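# Structural overview for review
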Amino acid sequence: MKLTIAHETHYRFEEPARHSIQYLRLTPRPDHAQLVRSWTVSTPGKLRSWTDGFGNLAHVSVQDGLHEEVAVLVRGEVETMDTTGVLPPHDGLPPLMFLRETRYTRLDDGIREFVAPIAERASDEGQVATLHNLMWAIRDRVAYQSGSTHVHGTAGEALTHGYGVCQDHAHLFIAGCRVLGLPARYVSGYLFSEGEEAGEVGAGVASHAWAEAYVEDLGWVSFDASNGVCATDAYVRLAVAMDYEGACPVRGIRRGGGLEEMTVRVQVLNE
Amino acid sequence: MNGDGGEVRRAYQAYCEWLRSVPPERLSEKHQQADILFRRLGITFAVHGDDDGVERLIPFDVVPRILDPDEWRTVSHGVSQRVRAINAFLDDIYHEQEILKAGRIPSTLVLNNPAFRPEALGLDVPRRVYVHVAGVDVVRVGPDEFYVLEDNCRVPSGVSYMMENRETMMRLFPDLFSQHRVAPVNHYPEVLLRTLRAVAPPGVSDPTIVVLTPGHFNSAYFEHAFLAREMGVELVEGQDLFVDDNTVFMRTTEGPQRVHVIYRRIDDDFIDPLAFNAYSTLGVPGLLSVARNGRVTLANAVGTGIADDKAVYAYVPDMIAFYLGEKPILNNVPTYALRNPDDCAYVLDHLEELVVKEVAGAGGYGMLVGPFSTAEQRSAFRTKILASPESFIAQPTLKLSTCPTLINGELVSRHVDLRPYVLTGETTTAVPGGLTRVALRDGSLVVNSSQGGGTKDTWVLEG
């Protein structure tokens, strides 16, 4: 697909802030499934690029002096290929690292119990089928509910509540993979949807998150538990990390400003 | 102090003669004077876990710990060798990971370890130095047999005591220093400054260096201030620095000034709230991006904790062989990793003989010293170990060397260790001396100041 992406994030503060700084992970990663034709990230502040430890193409944006809003604008074109959700194993990141637990993906008894029947059948079904079973079990158990959770929810909480957003699904999938003994990681990115009529959960939510599991001799296989599918050419990968915190599109801090209001508009079009 | 046959070790011979010539009360007097000197200097130490929160003096003992030139040669070459290997290891595991591919260290032990920081993957640092300052804890268990207990590679502290102890001893016993040729330690800040200058970002010939402290509530704040003053550089807190335009700046009365090298005494977790602990107010938002772009040098670098992890420690001799092609000069204490079921079973059967340590523990907390433990303590540890074996390691109880120590006006023998400070810039060197810690309780092997240990001046005799 040839996808055209426009992504605007506006932060408005209730009073002027004196200094604000953000880490932005808003540039697609170079990989085998996507080719970046053009890409720009702009903010009102000074913008410098850097690469984080996971190889994500990041920026740091700094705005000094009194300001009441920060607008982060992203525009670009990406050509995507359908690799049936599989990416090659060697991308510079050691898979074993992704067996680690984080605050978001911590195992608890609920998760262990939830994954146990899937794990029991794992040796019969093979890894890829088992991972599909995990994905579908999450989709069936944790209903997608837009805006239902805040971004600081954990995998365990999502399972207990029985509802969540794409972040929760991804975290729960990663935690489930650890029960299975498979490395898994968090991906943030964009999702192109035909529209609401297609009935997909992700429709209208073009800013998305999913997970990738490492399958020996195959590579990193993507699983989008919110939609119950592996990634296709409708997916654009921005950043990977252990969890939301490491991959989130914008992470910022400021001096002053009081409360903030954030609005996000994302449009992903197929030519 | 004494050798196996009870004879006085060579290094102590002159000191012993002097000791025989002075009346015992004189030492006690000096001890009191030392106390006053330290209080005046304000050298105190906040002890964790104390309810009263009062800062107290680390007890100082007026009897020096003395090393002869040969002993020091062994120790200094040995600790330098370890630090060279550790720097090579850090460069490797944050890049090509050859040592893991070669199977010399189990991959999971490194990659699946919270001390391995993905944030440092691919991080390039000047001169490939990650650990600029290390404090390697060494003990002597036989005539020339030294063991390393720990390689402290994160933000090792205590060096100010090395210097203040010397200062105090020179004031109290000027006569002793005229009788002994003791290697000086007071140039440590100079060597530290030279080290930090040597690792400035490429192309910077006259770097601005700062010491970054968590602030005056930190137990080592005195040391941070001391080192900044001695080096003639600014002591700053996180809020004094900011990031803009791919650069770290310090706020000054004359406006922002670029900073090139940060000797940071803040742990990784708190150093950049946008990359690590989001609630940290101690660090500098954006710092990681500038460091990764090579525009500021952090000393020590982010992610060095993996090298002094208690489980990774067991592999330092392998690192020395793998990277340097050398034989280890200093011994490693044999270490049982309790994540191995065989080791775990052995340790549970021999708790009375072994020292059990929490992998993530520090400062002598979370530690069981088998021979000095009660049945209750052992049973509590057994429960903890069974719940999470991978969180523990165990080591045989070493017979640490002893040194005469003045307790209640009497000279008695107490166990000691030694922490030499190893600096790496253009080269790797250990400043002759270090911090000798002494277990003040009779028979105790725990020398940590947080556990009632004291310190001594450490003399390296010049040959």
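Residues numbered from 1 in each chain as written. Chains lettered and ligands numbered in written order. Predicted model: local features only at pLDDT ≥ 70, side-chain atom pairs only at ≥ 80, totals over all residues.

### Quick look at the overall build of chain A
In terms of helices and strands, chain A carries six helices and 13 strands. In terms of overall size, chain A behaves like a compact globule, its C-alpha atoms giving a radius of gyration of 18 Å where 271 residues would be expected to give roughly 18 Å. Counting only C-alpha atoms, chain A reaches 60 × 40 × 40 Å along its principal axes. Per-residue burial over chain A gives 48% buried out of 271 residues. (Helix = DSSP H or I, 4+ residues; strand = E, 2+ residues; numbered from the N terminus. Rg over C-alpha atoms; globule rule 2.2 N^0.38 Å. Buried ≥ 20, exposed ≤ 12 C-beta atoms within 10 Å, placed from the backbone.)

### A closer look at the interface of chain B and chain A
Listed per partner, the contact involves 21 residues of chain B and 18 residues of chain A. If you list the elements that add at least two residues to the side of chain B that touches chain A, you get α5 (107-111), β8 (241-244) and α10 (287-292) of chain B. Among the elements that take part in the side of chain B that touches chain A, α5 of chain B stands out by supplying three residues, more than any other. Class assignment for the residues of the side of chain B that touches chain A results in eight nonpolar, nine polar and four charged. (Contact = placed C-beta atoms within 7 Å. Nonpolar A, V, L, I, M, F, W, Y, C, P; charged D, E, K, R; others polar.)

### Quick notes on the packing of helix α3 (residues 69-93) of chain B against helix α11 (residues 316-324) of chain B
Residues and elements named next belong to chain B. Axis separation between α3 and α11 bottoms out at 9 Å; the angle between their running directions is 75°. Judged by the inter-axis angle, α3 sits roughly perpendicular to α11. Residues Q81, R82, R84, A85, I86, A88 and F89 of α3 touch α11, and the partners they reach there are V316, M319, I320, Y323 and L324. (Axes fitted to C-alpha atoms, helices over the stretch in contact; angles between N-to-C directions. Parallel < 35°, antiparallel > 145°, perpendicular 65-115°, else oblique.)

### Things to note about the domain arrangement of chain A
Residues and elements named next belong to chain A. By domain assignment, chain A separates into domain 1 (2-79 + 249-270) and domain 2 (81-245). The C-alpha-based centres of domain 1 and domain 2 are spaced at 24 Å. Contacts between domain 1 and domain 2 engage 21 residues on the former and 18 residues on the latter. Secondary-structure elements contributing two or more residues to the side of domain 1 that touches domain 2 are β1 (2-27) and β13 (260-270). Across the side of domain 1 that touches domain 2, the residue classes tally to eleven nonpolar, seven polar and three charged. (Domains from an automatic or database assignment.)

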